[in-house]
Structure formats: C-alpha cells, structure tokens
Amino acid sequence: MAEAEIVAEIPYWEEKDLALICGIANAGGGTIVVLSGDKRGRTDTHRFRKGFESIPALSMQELSLPCSTEPVMNGTSLCLEVNVPAATEHVAFRGSYYLYSNGANKRIEKEHLEMIQGAANAEAPQDEGEPAEIPASKGRPTFKERSFAAANRLDMTTTDEYVLKVIEANGRVTAVRIADVLGVSESTVRRSFRKLRELELIERIGSDKAGYWRLVD
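Residues numbered from 1 in each chain as written. Predicted model: local features only at pLDDT ≥ 70, side-chain atom pairs only at ≥ 80, totals over all residues. Heavy atoms only, no water.

Let's talk about the overall build of the protein chain
Summing up its helical and strand segments, the protein chain has 8 helices and 9 strands in all. Considering the protein chain as a whole, with its 217 residues, one finds that 43% of them fall into the buried category. In the protein chain, the share of contacts with a sequence separation of at least 24, taken over all contacts with a separation of at least 6, comes to 61%. Total accessible area on the protein chain stands at roughly 12,700 Å², and carbon and sulfur atoms take up 47% of it. (Helix = DSSP H or I, 4+ residues; strand = E, 2+ residues; numbered from the N terminus. Buried < 20%, exposed > 50% of the residue type's maximum accessible area, 1.4 Å probe, protein only. Contact = heavy atoms within 4.5 Å. Areas by Shrake-Rupley, 256 points an atom, 1.4 Å probe, with all protein chains shown as cover.)

Structure follows, in structure tokens:
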C-alpha cells in the first residue's frame, strides 16, 4: 500500500473514471478531485448536485464500493471531491483490475495485484495475538455529515453552503464573481448573503463598496 494518501485530479467526470475509483480502492483508498463540471469546464450547482448522487450510486452499482462526494472550494474555484475507501477485496471494473501507483492508474492482472498487496500486507506491522485486518475505509465522513447545514439543522440551500465556503476562502470576493463561479444569477447569490447574515453566520466589515465579508466566530 502507498505510504502517502492518494489524491488524484481529473478535469471533469466521466463514467469511465470508475476505473480510477477501482485503482485507488485497490491501492488503499484516497481522494479524487474533479476540477470542473463537464468537458466544457462548466461548473454549476445543478451539475455538481447530480454528481453528488450519480457517482456514489454508480460506484455501488459497478464496484460495490461505498464512495462519498462533497463540494470543496479551491480559492474561488468550485471542485467536487470523491472520497474512495480502501477495498476489502480486490475490486474489478467491468472485468478488469486496476491499481493506482506513482500518479497513474494502470490495468493489472489479478495475480500481479494479489502479489503486490500480499507483499505490502506482509511488511505492515501487526499486533501480536490479533488477526490482521484490512480497513474497510479511511473513516471519511459523508457529505451529509460534513454539511454545515445538516450538522446544525439549518434551512440552507446547496448554493447557500457554497457561498459560505467561498466567503471562508476569500471574504472580498464579489457577488458577481461568486455567481460566475457557481453558474447562478447574481440575485441568487445576494439572497444567500441575506440568508447567511440572518442566520448570523457572516457579517459585513466596512462599506458595501470597499468592505468585505467575514465568518462570525
């Protein structure tokens, strides 16, 4: 197994990327960061909401693997993070086995995969008197568990949560820029500003023109 946690970036999601989930699961688990919404680089909340539902469902259907998804902000760029657990058994995608290693996802024969994983398990330290266990996952929380609104039982839309993440990353970002990033109207973003302010989650520091937003402690 790899010592460092795997983080793989892809420009957009396609169904064939289930092979990448397969390879990362066989390598001990990790994270896939989807940098944009589709082949055209479009990022909007509707497309990402679809990804939240479709990727875990496809992973269970094709791989019997319980992945989770969540939105993450890289500065003011919206990305989708796919959390891939370690496979408890060798996982195949449509009859082929894959292993993610040295920054690449490679097709591999099952016998070779078993040999590699067997050697890694033999090198891993084990407690005396206790059977070795293969972790089912890295214990990553699901998107629902990490959702601020769900955790605090707040009436917030997905857009509200995205706006909160953007403000946390850059309080001086404008409503126009957030609307462009999320693919929604400026008025939708301003409604989120009002909602977050009413919930006492953000506050405005300074004037409307020269000030900035700040998360309330």
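Next comes the rest of the write-up.
A few points about the pairing of strand S1 (residues 6-10)
What you see with S1 is a clean split: Ile6, Ala8 and Ile10 sit on the buried side and Val7 and Glu9 on the side with no burial. Across 5 bridges, S1 lies against strand S2 (residues 30-34) in parallel orientation. Opposite Glu9, over in S2, you have Val33 as the bridge partner. What joins S1 to S2 is helix H1 (residues 18-26), and the crossover it makes is right-handed. (Pairing = 2+ DSSP bridges. Right-handed = clockwise from strand over helix to strand, strands pointing away.)

Focus on the packing of helix H7 (residues 175-182) against helix H8 (residues 186-198)
To describe two helices that pack against each other, one gives the angle between their axes and the distance between the axes. Here H7 crosses H8 at 115 degrees, and the two axes come no closer than 8 Å. In this view, H7 runs roughly perpendicular relative to H8, as classed from their interaxial angle. Helix-helix and strand crossings are classified by hand; for H7 and H8 the assignment is right-handed. Seen from H7, the contacting residues are Ala175, Val176, Ile178 and Ala179; seen from H8, they are Glu186, Val189, Arg190 and Phe193. (Axes fitted to C-alpha atoms, helices over the stretch in contact; angles between N-to-C directions. Parallel < 35°, antiparallel > 145°, perpendicular 65-115°, else oblique. Left-handed = near helix turned anticlockwise from the far one by under 90°.)

With respect to the sheet that holds strand S5 (residues 92-93)
Across the sheet, which stays open at both edges, the 3 strands sit in the order S5-S6-S7 with antiparallel pairing between neighbours. Looking at the sheet topology across the chains shown, the edges are occupied by S5 and strand S7 (104-108). Bridging between strand S6 (residues 96-101) and S7 involves 5 bridges; their strand directions are antiparallel. Residue Tyr100 lies in a different strand from S7, and its bridge partner there is Asn105. Across the sheet, H1 touches S5, S6 and S7, and the angle it forms with S6 is around 65 degrees.

Things to note about helix H6 (residues 158-169)
With 12 residues, H6 extends 17 Å from end C-alpha to end C-alpha; this agrees with the ideal 16 Å at 1.5 Å per step. When H6 is considered as a whole, its buried residues turn out to be Thr159, Asp160, Glu161, Tyr162, Val163, Leu164, Val166 and Ile167. (Expected span 1.5 Å × (residues − 1).)

Considering the pattern of salt bridges
Within this structure, the stated rule accounts for 7 salt bridges. Between Glu15 and Arg94 there is a salt bridge, with its nearest N and O atoms 2.7 Å apart. Of this pair, Glu15 sits in the loop between S1 and H1 while Arg94 sits in the loop between S5 and S6, placing them 79 residues apart in sequence. Judged by relative accessible area, Glu15 falls into the partly exposed class, the value being 37%. (Salt bridge = Lys/Arg side-chain N within 4 Å of Asp/Glu carboxyl O.)

Remarks on unusual backbone geometry
Backbone phi values are negative for most residues with the exception of glycine, while trans is the configuration of most peptide bonds. The phi angle at Ser64 is positive, at roughly 55 degrees, despite the residue not being glycine. Relative to the helices and strands, Ser64 is located in the loop between helix H2 (45-63) and strand S3 (68-74). Classification of Ser64 by relative accessible area gives exposed; the value is 58%. Its identity as a non-glycine residue notwithstanding, Arg94 has a phi of 50 degrees, on the positive side. By relative accessible area, Arg94 is classed as exposed at 54%.

Some remarks on the nonpolar core
Counting 51 residues, the largest nonpolar core has Ile21, Val84 and Phe193 as its most contacted members. Top contributing element to this core by residue count: H1, with 7 residues. Once residues within four sequence positions are removed from consideration, Ile21 is found in contact with Trp13, Ile32, Ile55, Ser59, Leu63, Leu65, Cys67, Val82 and Val84. (Core = buried A, V, L, I, M, F, W, Y, C linked by side-chain atoms within 4.5 Å.)

A short note on H7
Listed in full, the buried residues belonging to H7 are Ala175, Ile178, Ala179, Val181 and Leu182. In an axial view of H7, the angular spread of the buried residues amounts to 165 degrees, which keeps them on one side of the axis. The outward face of H7, more than 90 degrees from its buried face, is lined by the exposed residues Val176 and Asp180. Just downstream of H7, Gly183 is the residue with a positive phi angle, here 75 degrees. (Arc of directions from axis to C-beta.)

A look at the side chain of Ser96
Relative to the helices and strands, Ser96 resides in strand S6. Ser96 sits in the buried class, given a relative accessible area of 17%.

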